[in-house]
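# Structural description and commentary
The residues making up each chain are set out below.
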Amino acid sequence: MLRLRFLRVLLPLVLLPFLVLLALQLRTKERVHSSADGQDSVPGVRAEAIEWSLFDGGRRTYTALVNSALQEAQERFRLEGVRRFEVERDGAPPLVISADLAGVAGSSGERLIKLQGGVEVSEEERGVRVSVAELEIDQASGEARSIGVVQLESPQYRGTAERVVYGLEGQPTRVFGLRMQATDGGQLTARSATLHDGTRDVELEGQVRLTRGREFLASERLRIRRDSGGPLRHAEADAGVTGAVDTAARGPLRFEAERVEVHWDPAGEVEALALSGRALLLRESDRIAASEIEARRRGAADPGWELQAEGAVDAGGSLVGGPSVLRADRLAVRAGPDGALEGGEAVGGVSFRGGGASGESARATFRSAPGTGEIVLSAEPGRRARLARGQTRVVADRIVTDRAGIQLTAEGRVEATLLPAEAEGQDGPAHGLFRGDEAIHFVAARLDSRRTGQLLTFQGNVRGWQGERTLSAERITVDQTAHSLVAAGSVATRLPRDDAAVAVAEQDFVQITAAGLDYSEQRGLASYTGDARIRQAEGWMQAERIEVELRTGTAEGIEQIRGFETVRFEYRTSDDGGVPTPVTGEGDRVVYTPEERLVRLFGDRAPATVRRNADRGGNASGRVLVYRLDVGSIQVESGAQDSVRIVTSGDSQ
């Protein structure tokens, strides 16, 4: 009995150190768990240096390493010294939080957790870290919300925000009142931001502005993407976008549009820019407006830029040399690394003006080079190529000109109009072959213009006219500076006998044909060569060369007609009975004065001869013969060595 009592006393003494050691071990390694409804927890229990967890529906949703945990009530916990508080999220990495204090209240699905004091929130996989005064985790709304000013930090940005909201049920993180400084020197501000992949993929809304050096983007919505290493690679903006990108060529490229996309290469250089919706692209004095514009940098093997614009394109500046305006349905442009124009093409309803010229066409291509350049206007059914410069207007199937307009070539159903000098505010002498106060029109297969339209050469079935005055040939060259004209190949002209009278019938015109024509307005002389033939109401004249001296000024008309080398003529005059009688003549030279109706025939190498109708009889020969059309008389001013017969209109011999 004594032995039993001794064991009762000794056994507790022996086990006491072991129990103390076990209690201490449990105190440092205690794990506190709560079921979905928290029924297995005992209010008032306190644990220190523990890993604390909460489970909802059999799934752990919250885990924390804390210095101490106290269950204040059945569904209330107080955590102190929160070293690591993990919040599980659907479809996203967990939030990792540290704080001085955390309070947990509510049952499963409706818990509200408040963390206070030096709160730091990390999205470790995305590299985003946030510091706030307080953080509230609302299980019912599926959100974690900051309270107070937010300090935000990532590999790409440092800055502040008014608040941050983390989604727990698949929603992305949202930040409000954002003001950030990028590691590459850029700045970013917005009313709100949605973080799809940390700060590598950010969608911003409300007065958004992204600035980086000379580049900026401003809009109501902007989405930016960066590489994992940090460089900005892609930006999409919409809702009234303005901005500028640095292309390292003649300053920043400014733009406006409803929607904008920008792509940068890994080195941070812009490699593509796309604008849509009332797009406008600007640099210095150059501008392009269109429905859509895309600029893309070419590869290293072919440095430079390519630009495409479509939809009501309106371009201005040095596009085609000098201050210019170009409109078209579509425009494609190539530029060098320095932004200087290399060439391009405009298609559909093309029209332009600038550099002293204006025009239109279905298609226009242009290329540029130092000191030169070329513009090609092409027609399509329903729209021909047209170009106006100075006093010249040209319409054709194809027009090629240099940028300065010094040289021009037009081909295919060419139509050209030469405006009078007065239209340019100049005072020029009146034409003889053509009047000086009216436009002259030409049609031809081809036109070559030189000296900025002052020297024009028409080729291929050429026809020119001014009112009732006409000129046709295979080739016609007009020198507007020298006021001269040269024609060759089947030359034919028609001139009114009297400009003061209305010409309505053939007898009202003088018609001349020849192989060639050389006309000088200053001398008032048209020289026809090569089987030249002139037809008038009173007859015709033919010679190797015919000169027509034309009056200029207010009293226009034919002053004198002269024929040279193998001259022949036939004129008709009425006899006493009013019957037209032909008179023919041959000689080396002839001078006809229409106003005096006087023909003087010269026989320089052999005697000249004038013959009347054989039925009437009579002829005359001599060195100089004079024939008067008004009375039909023939006179000899200088006879030949042989006998001379003089026959008058009343002589029956």
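Residues numbered from 1 in each chain as written. Predicted model: local features only at pLDDT ≥ 70, side-chain atom pairs only at ≥ 80, totals over all residues. Heavy atoms only, no water.

### Considering the nonpolar core
Counting 147 residues, the largest nonpolar core has Trp52, Phe85, Ile137 and Tyr528 as the members making the most contacts within it. By residue number, the principal contributor to this core is strand S17 (residues 253–264), which donates six residues. In contact with Ile137, not counting residues within four places along its chain, are Tyr62, Phe85, Val87, Ile97, Arg111, Leu112, Ile113, Leu115, Glu143, Ala144 and Leu168. (Core = buried A, V, L, I, M, F, W, Y, C linked by side-chain atoms within 4.5 Å. Buried < 20%, exposed > 50% of the residue type's maximum accessible area, 1.4 Å probe, protein only. Helix = DSSP H or I, 4+ residues; strand = E, 2+ residues; numbered from the N terminus. Contact = heavy atoms within 4.5 Å.)

### Description of the packing of aromatic side chains
Per the stated rule, a full pass over the model turns up six aromatic pairs. Taking the centre distance of 5.4 Å and the plane angle of 40 degrees together, the rings of Tyr571 and Tyr592 count as tilted. Of the two residues, Tyr571 sits in strand S36 (residues 557–574) while Tyr592 sits in strand S37 (residues 580–593), which places them 21 residues apart along the sequence. Each member of the pair, Tyr571 together with Tyr592, is buried. Three or more aromatic residues joined by ring pairs form one cluster here, namely Trp52, Tyr62, Phe77 and Phe85. The ring of Trp540 has Arg533 lying over it, and the distance from NZ or CZ to the ring centre is 4.1 Å. One residue, Arg589, lies across the ring of Phe602, its end atom 4.1 Å from the ring centre. (Phe/Tyr/Trp six-rings, centres within 6.5 Å; stacked < 30°, edge-to-face > 60°. Lys NZ or Arg CZ within 6 Å of the ring centre and 35° of its normal.)

### Considerations on empty space enclosed by the protein
All told, the structure shown has seven cavities of 30 Å³ or more when counted by the stated rule. As for the largest cavity, its lining consists of Leu387, Ala388, Arg389, Thr392, Val394, Thr401, Gly405, Leu408, Ser449, Thr452, Gly453 and Leu456. With three residues, strand S25 (residues 385–389) is the single largest residue contributor to the lining of the largest cavity. Looking at the lining of the largest cavity residue by residue, the classes come out as five nonpolar, six polar and one charged. (1 Å grid on protein atoms, 1.4 Å probe; cavity = no way out; pocket = protein on both sides within 12 Å on 5 of 7 lines; lining within 4 Å. Points joined across faces, edges and corners; volume = space filled by probe spheres on them. Nonpolar A, V, L, I, M, F, W, Y, C, P; charged D, E, K, R; others polar.)

### Quick notes on the pairing of S25
In terms of residue burial, S25 counts as a mostly covered element, since four of its five residues are buried. Relative to strand S26 (residues 392–396), S25 runs antiparallel, the two being bridged by five bridges. The residue bridging Ala385 from the neighbouring strand is Ala396, located in S26. With antiparallel pairing between neighbouring strands as the criterion, S25 and S26 make up a hairpin whose turn holds two residues, including Gly390 at a positive phi of roughly 60 degrees. (Pairing = 2+ DSSP bridges.)

### Comments concerning the confidence of the model for the chain
Confidence along the chain averages 82 in pLDDT terms, with 82% of residues attaining 70 or more. Predicted confidence in the chain is weakest over helix H1 (residues 2–28), with a mean pLDDT of 46, and strongest over strand S29 (residues 440–450), with 95. In this model residues 1–7 is a low-confidence stretch, pLDDT under 50, and it forms one contact with partners more than four residues away in sequence or in other chains. In this model residues 641–653 is a low-confidence stretch, pLDDT under 50, and it forms 27 contacts with partners more than four residues away in sequence or in other chains. (pLDDT = per-residue confidence, 0-100.)

### As for the environment of Val376
Along the chain, Val376 falls in strand S24 (residues 372–378). Using a relative accessible area of 8% as the deciding quantity, one classes Val376 as buried. Sequence spacing of Val376 and Thr409 is 33 residues, and the spatial spacing of their C-alpha atoms is 9.4 Å. Excluding residues that lie within four positions of it along the chain, Val376 makes contacts with Arg363, Ala364, Thr365, Arg398, Ile399 and Val400.

### Considering the pairing of strand S42 (residues 633–638)
Pairing between strand S41 (residues 624–628) and S42: five bridges, direction antiparallel. Of the residues in S42, the one forming a bridge with Arg628 is Ser633. Between S41 and the antiparallel strand that follows it, S42, lie four residues; Gly632 among them carries a positive phi value of about 75 degrees.

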